[in-house]
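Listed here are the chains, written in short residue letters.
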Amino acid sequence: KNEVEQSPQNLTAQEGEFITINCSYSVGISALHWLQQHPGGGIVSLFMLSSGKKKHGRLIATINIQEKHSSLHITASHPRDSAVYICAVKRGGGSEKLVFGKGTKLTVNP
Amino acid sequence: NAGVTQTPKFQVLKTGQSMTLQCAQDMNHEYMSWYRQDPGMGLRLIHYSVGAGITDQGEVPNGYNVSRSTTEDFPLRLLSAAPSQTSVYFCASSYSPTYYEQYFGPGTRLTVT
């Protein structure tokens, strides 16, 4: 079983819909990252979380450390949000490695 | 700032050839890492470095070497290319993988025939 599981694998939405992407992990972590990979391949960092909630524009990320779960929400989705969204965790302890989920491919239709 | 740069963008190698993928950053980041991305597999860590002179293995290090002689550069060497190394390679950097944003290079698409 992968240490980081994302759901769903693929998601299709209509413009304007509220989107939720989930990330569950099985190890103790010190931080969780959400990343966006554009259709052209470039990867950008969206959020780094160690507790609570963060908001940037129409994107909201939450984390529940006790339940080992994080969600990425997109409000009022737009076709330009179409991308692969990737969750990554940094294990707790001395490890300096990030472990990645397989990503969720989001398509927002006009 | 140029951010994280990678060269080349595309490369085709024959089995058994060697080459070096270049990665450089100008943000004075201590942490640098190399990943490969394959369909259905997500990003997998090859090697990483927490500072000049310090490197360590990731999940899939076999067939690859790294060195970190300066803070800015972190080249990835393929010793004897194999078709299984056909992939997209990303270099990333940050102040640390814990509490800081990760910056990714544009990627190198490598095909080994």
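Thresholds applied
- Residues numbered from 1 in each chain as written.
- Chains lettered and ligands numbered in written order.
- Predicted model: local features only at pLDDT ≥ 70, side-chain atom pairs only at ≥ 80, totals over all residues.
- Heavy atoms only, no water.
- Contact = heavy atoms within 4.5 Å.
- Buried area = accessible area lost by both parts, 1.4 Å probe.
- Salt bridge = Lys/Arg side-chain N within 4 Å of Asp/Glu carboxyl O.
- Polar contact = N/O pair within 3.5 Å; in protein donor to acceptor, adjacent residues only side chain to side chain.
- Helix = DSSP H or I, 4+ residues; strand = E, 2+ residues; numbered from the N terminus.
- Pairing = 2+ DSSP bridges.
- Axes fitted to C-alpha atoms, helices over the stretch in contact; angles between N-to-C directions.
- Patch = residues over 30% accessible without salt bridge, like charges linked within 9 Å, V, L, I, M, F, W, Y side chains within 5 Å.
- Areas by Shrake-Rupley, 256 points an atom, 1.4 Å probe, with all protein chains shown as cover.
- Buried < 20%, exposed > 50% of the residue type's maximum accessible area, 1.4 Å probe, protein only.
- Phe/Tyr/Trp six-rings, centres within 6.5 Å; stacked < 30°, edge-to-face > 60°.
- Lys NZ or Arg CZ within 6 Å of the ring centre and 35° of its normal.

1. Focus on the interface of chain B and chain A
Of the residues lining the interface, 19 residues belong to chain B; the matching set on chain A comes to 18 residues. Across the chain B/chain A interface, buried area totals approximately 1,700 Å², and carbon plus sulfur atoms make up 62% of it. At the junction of chain B with chain A, the criterion picks out 0 salt bridges. At the junction of chain B with chain A, the criterion picks out 1 residue pair in polar contact (both at pLDDT 80 or more). Of all elements in the fold, only β4 (31-38) and β5 (42-51) of chain B reach the threshold of two or more residues within the side of chain B that touches chain A.

2. Considering the pairing of strand β7 (residues 59-64) of chain A
All names here are of chain A. Pairing geometry for strand β6 (residues 52-56) and β7, over 5 bridges, is antiparallel. The residue bridging lysine 54 from the neighbouring strand is alanine 61, located in β7. Hairpin connection of β6 to β7: 2 residues between the antiparallel strands, including glycine 57 at a positive phi of 65 degrees. Where β7 lies against strand β8 (residues 69-74), 6 bridges are found, and the strand directions are antiparallel. When the sheet's bridge partners are listed, threonine 62 is paired in β8 with serine 71. Where β7 folds back on β8, the antiparallel hairpin that results is connected by 4 residues, among which lysine 68 adopts a positive phi of roughly 55 degrees.

3. Points about the sheet that holds β8 of chain A
Residues and elements named next belong to chain A. Read from one edge to the other, the open sheet built from 5 strands follows the order β1-β3-β8-β7-β6, with strand pairing classed as antiparallel. With partners counted over all chains shown, the strands left at the sheet margins are β1 (4-7) and β6, one partner each. The average undirected angle you get between the axes of adjacent strands in this sheet is 15 degrees. Bridge analysis of β1 against strand β3 (residues 19-25) gives 4 bridges, and the strand direction is antiparallel.

4. Here's the deal with a nonpolar patch on the surface
On the surface, Tyr95, Tyr99 and Tyr100 of chain B cluster together into a nonpolar patch covering about 360 Å² of accessible area. Tracing the sequence through the fold places tyrosine 99 of chain B in the loop between β9 (87-94) and β10 (103-104).

5. Some remarks on the sheet that holds strand β3 (residues 19-25) of chain B
Residue and element names in this part refer to chain B. Taken together, 4 strands build an open sheet; the order of strands is β1-β3-β8-β7 and the sheet is antiparallel. Edge positions in the sheet fall to β1 (4-7) and β7 (64-66), since each has one partner strand and no second. Looking at each pair of strands side by side, their axes are set apart by 20 degrees on average, direction ignored.

6. Things to note about the environment of leucine 45 of chain B
Considering the arrangement of structural elements, one finds leucine 45 of chain B in strand β5. Taking C-alpha positions, leucine 45 of chain B is 10.0 Å from tyrosine 89 of chain B, a pair spaced 44 residues apart along the chain. Residues contacting leucine 45 of chain B, with those up to four places away along its chain left out, are Lys97 of chain A together with Ser33, Trp34, Tyr35, Gly58, Glu59 and Val60 of chain B.

7. Section: the side chain of glutamine 85 of chain B
Residue and element names in this part refer to chain B. Within the element layout of this structure, glutamine 85 appears in the loop between β8 (76-78) and β9. Accessibility expressed as a relative area gives 5% for glutamine 85, which makes it buried. Each residue touching glutamine 85, except ones within four places of it in the same chain, is listed here: Arg36, Asn62, Gly63, Tyr64, Leu78, Ser80, Leu110 and Val112.

8. So, the packing of aromatic side chains
Following the criterion strictly, the structure yields 5 aromatic pairs over all chains and no others. Aromatic pair tyrosine 31 of chain B and tyrosine 48 of chain B: ring centres 6.0 Å apart, planes at 35 degrees, arrangement tilted. Of this pair, tyrosine 31 of chain B sits in strand β4 while tyrosine 48 of chain B is found in strand β5, placing the two residues 17 residues apart along the sequence. For tyrosine 31 of chain B, a relative accessible area of 2% puts it in the buried group. Tyrosine 48 of chain B sits in the buried class, given a relative accessible area of 7%. For the ring pair tyrosine 95 of chain B and tyrosine 100 of chain B, a centre distance of 5.5 Å and an interplane angle of 65 degrees mean the geometry is edge-to-face. An aromatic cluster of three or more residues is present, and its members are Phe100 of chain A together with Tyr35 and Phe104 of chain B. Lying over the aromatic face of phenylalanine 74 of chain B, arginine 68 of chain B brings its terminal NZ or CZ to 6.0 Å of the ring centre.

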